Amino acid sequence: GENVEQHPSTLSVQEGDSAVIKCTYSDSASNYFPWYKQELGKGPQLIIDIRSNVGEKKDQRIAVTLNKTAKHFSLHITETQPEDSAVYFCAASIGGSGGSNYKLTFGKGTLLTVNP
Amino acid sequence: DAGITQSPRYKITETGRQVTLMCHQTWSHSYMFWYRQDLGHGLRLIYYSAAADITDKGEVPDGYVVSRSKTENFPLTLESATRSQTSVYFCASSRGQGAGYGYTFGSGTRLTVV
């Protein structure tokens, strides 16, 4: 099955700095890569996603890049703010017909702390 | 209100008791999932369902039972609770099959088995 590795497990940055979280996946058939943000006491919330036919996607201060050859993808947060402090999860799934292609495999999460 | 709701938010139960965690979604999403979240393990899939009356095991199904008699409900039952099942449980739903359909998660149930 798919295996997703996520690094680092904890990340501390100063407000205004950039933060980068990296994930690798094992199954070359994976073609959908979402990122989730989990605030304290809440469920994970989808913040951005990317499909395998796209190399980069941006949404305001967050961006995701995908390198299919190396089987890794990254979340970039620029101009970090204290409200960005949360646990971030990457995930991967295999899209297409048949099989359990709707199942996401998650990384173990990164605790991001943005210091004022 | 539309959305996905879990109940209860908090539950304390004794070892050996049966406990059921509820999950209800109002979107008529076909796919529903149960995850547990533990420190150091991230989110681990317990069971999932592709439609009413269709369920399958995930990564850590032992000790759990699910049912899906109606599309909108997906209860998770711990048949005989153990301390190792102390965790935060999240239900999620997804509207589609194939790449590009993310999950929407509920707010979670924090279960403590004493």
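For the structure, check the block above.
A few points on the structure.

Scoring rules and cut-offs
Residues numbered from 1 in each chain as written. Chains lettered and ligands numbered in written order. Predicted model: local features only at pLDDT ≥ 70, side-chain atom pairs only at ≥ 80, totals over all residues. Heavy atoms only, no water. Helix = DSSP H or I, 4+ residues; strand = E, 2+ residues; numbered from the N terminus. Rg over C-alpha atoms; globule rule 2.2 N^0.38 Å. Contact = heavy atoms within 4.5 Å. Areas by Shrake-Rupley, 256 points an atom, 1.4 Å probe, with all protein chains shown as cover. Lys, Arg positive; Asp, Glu negative; His and termini not counted. Charge placed at Lys NZ, Arg CZ, Asp CG, Glu CD. Pairing = 2+ DSSP bridges. Axes fitted to C-alpha atoms, helices over the stretch in contact; angles between N-to-C directions. Phe/Tyr/Trp six-rings, centres within 6.5 Å; stacked < 30°, edge-to-face > 60°. Buried < 20%, exposed > 50% of the residue type's maximum accessible area, 1.4 Å probe, protein only. Salt bridge = Lys/Arg side-chain N within 4 Å of Asp/Glu carboxyl O.

1. Quick look at the overall build of chain A
And then number 1: Scanning chain A from terminus to terminus reveals 0 helices and 11 strands.
And then number 2: Compactness check: chain A gives a C-alpha radius of gyration of 14 Å against a globular reference of 13 Å for 116 residues, within 12% of the reference.
And then number 3: Across its three principal axes, chain A shows a C-alpha extent of roughly 45 × 30 × 20 Å.
And then number 4: Considering only contacts within chain A whose residues lie at least 6 apart along the sequence, 55% involve residues at least 24 apart.
And then number 5: For chain A, the exposed surface amounts to about 5,700 Å²; the carbon and sulfur share of it is 48%.
And then number 6: Each charge class in chain A was averaged separately, 11 positive and 12 negative side chains, and the resulting centres sit 7 Å apart.

2. Topic: the sheet that holds strand E3 (residues 19–25) of chain B
All names here are of chain B.
And then number 1: Taken in spatial order, the 4 strands make up an open sheet running E1-E3-E8-E7, and their pairing is antiparallel. Only two strands of the sheet have a single partner each, and these edge strands are strand E1 (4–7) and strand E7 (64–66). On average, each strand axis in the sheet is tilted by 15° relative to the strand beside it, whichever way the strands run.

3. Remarks on the packing of aromatic side chains
And then number 1: All told, the structure shown has 16 aromatic pairs over all chains when counted by the stated rule.
And then number 2: Seen from their ring centres, Tyr36 of chain A and Phe105 of chain B are 5.6 Å apart, and the 85° between their planes marks the pair as edge-to-face. Of this pair, Tyr36 of chain A sits in strand E4 (residues 32–38) while Phe105 of chain B sits in strand E10 (residues 104–105), which puts the two residues in different chains. The pair formed by Tyr36 of chain A and Phe105 of chain B is uniform in burial state, with each residue classed as buried.

4. Some points on the pattern of salt bridges
And then number 1: This structure, assessed with the given rule, holds 7 salt bridges over all chains.
And then number 2: Note that Glu39 of chain A is salt-bridged to Lys42 of chain A, the shortest N-O span being 3.4 Å.
And then number 3: For Glu39 of chain A, a relative accessible area of 30% gives the class partly exposed.
And then number 4: For Lys42 of chain A, a relative accessible area of 49% translates into the label partly exposed.
And then number 5: With its nearest N and O atoms 3.3 Å apart, the salt bridge here joins Glu14 of chain B to Arg17 of chain B.
And then number 6: Taken together, the salt bridges that share partners define one network made up of Lys37, Glu39 and Lys42 of chain A.

Functional significance is not addressed by these values, which are geometric in nature.
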